[in-house]
Amino acid sequence: LFAWASLKHNDRLSGLVFDHQHVRYIPARSNQHSVLQLLQTIADANQRLQHPMRDSLDNPLIEVLTQALRLSRSGSLLILICNERHLNEQSSTLLRRLAKHTELILLPLSDPLEHELPSLGQAHFVLGDNHLSINTDTQTRQAWRSLGQSYQTAWQTLAQQLGAALIPFSTARP
């Protein structure tokens, strides 16, 4: 919707679409082709989510925000859609730098499991060659819930400090 709205207002549109393996830059243009190219790039990234992750869980937001600092022009509108848990001290610092010369709209995405672990007893997780087992007892679930709340609070605080719009959304809502 943001892309089509920018085109309707004759604004130039560019984008950085990223996941844990790729960052793709769509150069700024003000035509329908740029919107379609951005949407296709997002669809391609979405399709890669169907494949099991084998790489580390490094935070890709740092590289993307660094590129955004280099590529964005003063007065640009930057719309950031990313995993809620990508916010850390380094990404916050980069967002503060971006906010000095761009307008920000922040859309952190979360999953209900990032805020509320189910009571499963002993749970086992595998990522490539890495294995993790946790006991989802009451204490662990409460600590997990608190961690999820701390991310929401951090996004709210940062958006308020930057004067940025904050529109959190969840995979639980279509």
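Below or above, wherever it landed, is the structure these notes cover.

Let's talk about the overall build of the protein chain
- In terms of helices and strands, the protein chain carries 5 helices and 8 strands.
- When the elements of the protein chain are put in sequence order from the N terminus, they spell out α-β-β-α-α-β-α-β-β-β-α-β-β.
- Overall, the protein chain is about 55 × 35 × 30 Å in size when its C-alpha atoms are taken along their principal axes.
- Evaluated residue by residue, the protein chain yields a buried proportion of 32% over its 174 residues.
- Contacts spanning at least 24 positions in sequence make up 70% of the contacts within the protein chain whose residues lie at least 6 apart.
- Surface accessibility of the protein chain: about 11300 Å² in total, with carbon and sulfur atoms responsible for 54%.
- For the protein chain, the distance from the average site of its 15 positive side-chain charges to the average site of its 14 negative ones is 9 Å.

Some details on helix α4 (residues 89-99)
- For α4, the set of buried residues is Ser91, Ser92, Leu94, Leu95 and Leu98. When α4 is viewed along its axis, its buried side chains cluster within an angular range of 165 degrees and face the same direction.
- Where the residues of α4 are buried, they touch α3 (61-71), β3 (76-83), β4 (102-110) and α5 (138-162).
- The N-cap of α4, judged by a side-chain oxygen 3.1 Å from the amide nitrogen of Gln90 a few residues on, is Asn88.

Focus on the packing of aromatic side chains
- This model, assessed by the stated rule, comprises 0 aromatic pairs.
- Sitting over the ring of Trp144, Arg85 keeps its end group 4.6 Å from the ring centre.

Some remarks on the nonpolar core
- In terms of nonpolar packing, the biggest core is built from 20 residues, with Leu80, Leu95, Leu98, Leu104, Leu106 and Trp155 touching the most fellow members.
- Considering each element in turn, this core owes the most residues, 6 residues, to α3.
- Beyond its immediate sequence surroundings of up to four residues, Leu95 is in contact with Leu65, Leu80, Leu87, Leu104, Leu106, Trp155, Leu158 and Leu162.
- Counting 8 residues, the second-largest nonpolar core is a separate cluster that includes Ala3, Leu13, Ile26 and Val35.

Things to note about the packing of α3 against α4
- Direction vectors running N to C along α3 and α4 enclose 15 degrees, while the axes themselves pass 9 Å from each other. For the element pair α3 / α4, the angle class is roughly parallel. Between α3 and α4 lies a crossing of left-handed hand. Residues Leu61, Ile62, Leu65, Thr66, Ala68 and Leu69 of α3 form the contact with α4, whose participating residues are Gln90, Ser91, Leu94, Leu95, Arg97 and Leu98.

Comments concerning the pairing of strand β1 (residues 13-18)
- Two strands pair when backbone bridges link them, and β1 and strand β2 (residues 23-29) are joined in this way by 5 bridges, in the antiparallel orientation. Bridge pairing in β2 links Leu16 to Tyr25.
- Counted along the chain from β1 to the antiparallel partner β2, the turn is 4 residues long.

Parameters and conventions
Position labels on residues start from 1 in each chain and follow its written sequence. For a predicted model such as this one, the threshold for reporting local features is a pLDDT of at least 70, and the threshold for listing and counting side-chain atom pairs is 80 or more; totals across whole chains, interfaces and linings nevertheless cover every residue. Side-chain measures were taken over the full set of non-hydrogen atoms in the model, leaving aside hydrogen atoms and water. Secondary structure elements are defined from DSSP: runs of H or I of at least 4 residues count as helices, runs of E of at least 2 residues count as strands, and each element is numbered from the N terminus. Burial classification: accessible surface area is computed with a 1.4 Å probe over protein chains only, and a residue below 20% of its type maximum counts as buried, one above 50% as exposed, and the rest as partly exposed. Between two residues, a contact is recorded if the distance between any of their heavy atoms is within 4.5 Å. Surface accessibility in these figures is a Shrake-Rupley result with a 1.4 Å probe; residues are shielded only by whichever protein chains are displayed. Note on charges: Lys and Arg go in the positive column, Asp and Glu in the negative column, and His and the chain ends are not counted at all. Charge positions come from single atoms, namely NZ of Lys, CZ of Arg, CG of Asp or CD of Glu. Note: the arc covers the axis-to-C-beta directions of the helix. Under the rule applied, a polar contact is a pair of N or O atoms within 3.5 Å (in protein, one hydrogen donor and one hydrogen acceptor; residues adjacent in sequence only if both atoms are side-chain atoms). Stacked, tilted and edge-to-face are the three classes applied to pairs of Phe, Tyr and Trp rings, where Trp contributes its six-membered ring and a pair requires centres within 6.5 Å; stacked means planes under 30 degrees apart, edge-to-face means over 60, and tilted covers the rest. We count a charge as sitting over a ring when the NZ of a lysine or the CZ of an arginine lies within 6 Å of the ring centre and within 35 degrees of the ring normal. In these notes, a set of buried Ala, Val, Leu, Ile, Met, Phe, Trp, Tyr and Cys residues joined through side-chain atoms within 4.5 Å is what counts as a nonpolar core. Axis lines are fitted through C-alpha atoms, for helices just across the contact stretch, and the angle between N-to-C directions can take any value from 0 to 180 degrees. An angle below 35 degrees is treated as roughly parallel, one above 145 as roughly antiparallel, one from 65 to 115 as roughly perpendicular, and anything else as oblique. Two helices crossing with the near one rotated counterclockwise from the far one by less than a right angle form a left-handed crossing, whereas a clockwise rotation gives a right-handed crossing. In this description, strands pair whenever DSSP reports at least two bridges between them.

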